[in-house]
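# Coordinate inspection notes
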Amino acid sequence: MKNKIYYLASCDTCRKIIKSLPKNVDLEFRDIKQEPISVEELEAMAALSGSYESLFSKKAILYKSMDLKNKTLTEADYKGYILDHYTFLSRPVFIIDKKIFVGNSQPVTLQVMKALT
C-alpha cells in the first residue's frame with residue numbers, strides 16, 4: 001500500500017504541513033474535496049486508528065451549526081457524517097507504512113516527519 005495523505009487543498013493548515021514535508025517524499029496526495037474518500041478507505045482508516053470518532057473533526061463548522069455536540073453520537077454516526085461531508089474528517093490524515101497519523105497537532109506533525117525520514 002502506497003503512503004498517502006488525505007487533505008483539503010483549501011485548508012491553510014494542511015497547506016502549511018504539506019509545505020514543511022521533506023523534499024522527494026513518496027506520498028500519494030489526495031484532496032478529499034475533489035475526490036471523496038470511499039467507504040473502504042474510511043473503514044481501513046478506522047481499523048488503523050481504532051475508531052471512527054478518532055477520525056472525526058469536532059472543530060468543523062458543520063459540527064457546531066448542526067449542534068452535534070449536544071447529541072450522543074455512535075461510531076455509526078461518526079462514520080456516516082464523515083462519508084456525508086469531507087469537512088468532518090480530521091485533517092490531514094497520513095497513512096505511512098501501515099500506521100495512521102490524524103490531525104494537525106504539533107505532536108502528530110512531529111511523528112509524521114519522523115516517519116517520513
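Residues numbered from 1 in each chain as written. Predicted model: local features only at pLDDT ≥ 70, side-chain atom pairs only at ≥ 80, totals over all residues. Heavy atoms only, no water.

## A short note on the overall build of the protein chain
- Along its length, the protein chain carries five helices and four strands.
- Counting from the amino terminus, the protein chain carries its helices and strands in the arrangement β-α-β-α-α-α-β-β-α.
- For 117 residues, the compact-globule estimate of 2.2 N^0.38 gives 13 Å, and the protein chain sits close to it at 14 Å.
- The principal-axis extent of the C-alpha atoms belonging to the protein chain is close to 45 × 25 × 25 Å.
- Within the span of the protein chain, comprising 117 residues, buried residues form 43% of the whole.
- For the protein chain, the proportion of contacts with a sequence separation of at least 24, taken over those separated by at least 6, is 61%.
- Charge-centre separation for the protein chain: the mean point of 18 positive side chains lies 8 Å from the mean point of 14 negative side chains. (Helix = DSSP H or I, 4+ residues; strand = E, 2+ residues; numbered from the N terminus. Rg over C-alpha atoms; globule rule 2.2 N^0.38 Å. Buried < 20%, exposed > 50% of the residue type's maximum accessible area, 1.4 Å probe, protein only. Contact = heavy atoms within 4.5 Å. Lys, Arg positive; Asp, Glu negative; His and termini not counted. Charge placed at Lys NZ, Arg CZ, Asp CG, Glu CD.)

## A short note on unusual backbone geometry
- Note the cis peptide between Arg91 and Pro92, where omega equals -15°.
- By secondary structure assignment, the location of Pro92 is in the loop between α4 (75-84) and β3 (93-96).
- Phi at Asn24 takes a positive value of approximately 60°, unusual for a residue other than glycine.
- Exposure remark for Asn24: the relative accessible area of 81% places this residue in the exposed category.
- At Asp67, a position not held by glycine, the phi torsion is positive, near 55°.
- When you line up the elements, Asp67 lands in the loop between α3 (61-65) and α4.
- Judged by relative accessible area, which is 34%, Asp67 ranks as partly exposed.

## Some remarks on the layout of surface pockets
- For the largest pocket, the calculated volume is near 310 Å³.
- As for the largest pocket, its lining consists of 16 residues, of which Ser57, Lys59, Ala60, Arg91 and Asn104 are closest to the centre.
- Partitioning the lining of the largest pocket into residue classes produces six nonpolar, seven polar and three charged. (1 Å grid on protein atoms, 1.4 Å probe; cavity = no way out; pocket = protein on both sides within 12 Å on 5 of 7 lines; lining within 4 Å. Points joined across faces, edges and corners; volume = space filled by probe spheres on them. Nonpolar A, V, L, I, M, F, W, Y, C, P; charged D, E, K, R; others polar.)

Functional significance is not addressed by these values, which are geometric in nature.
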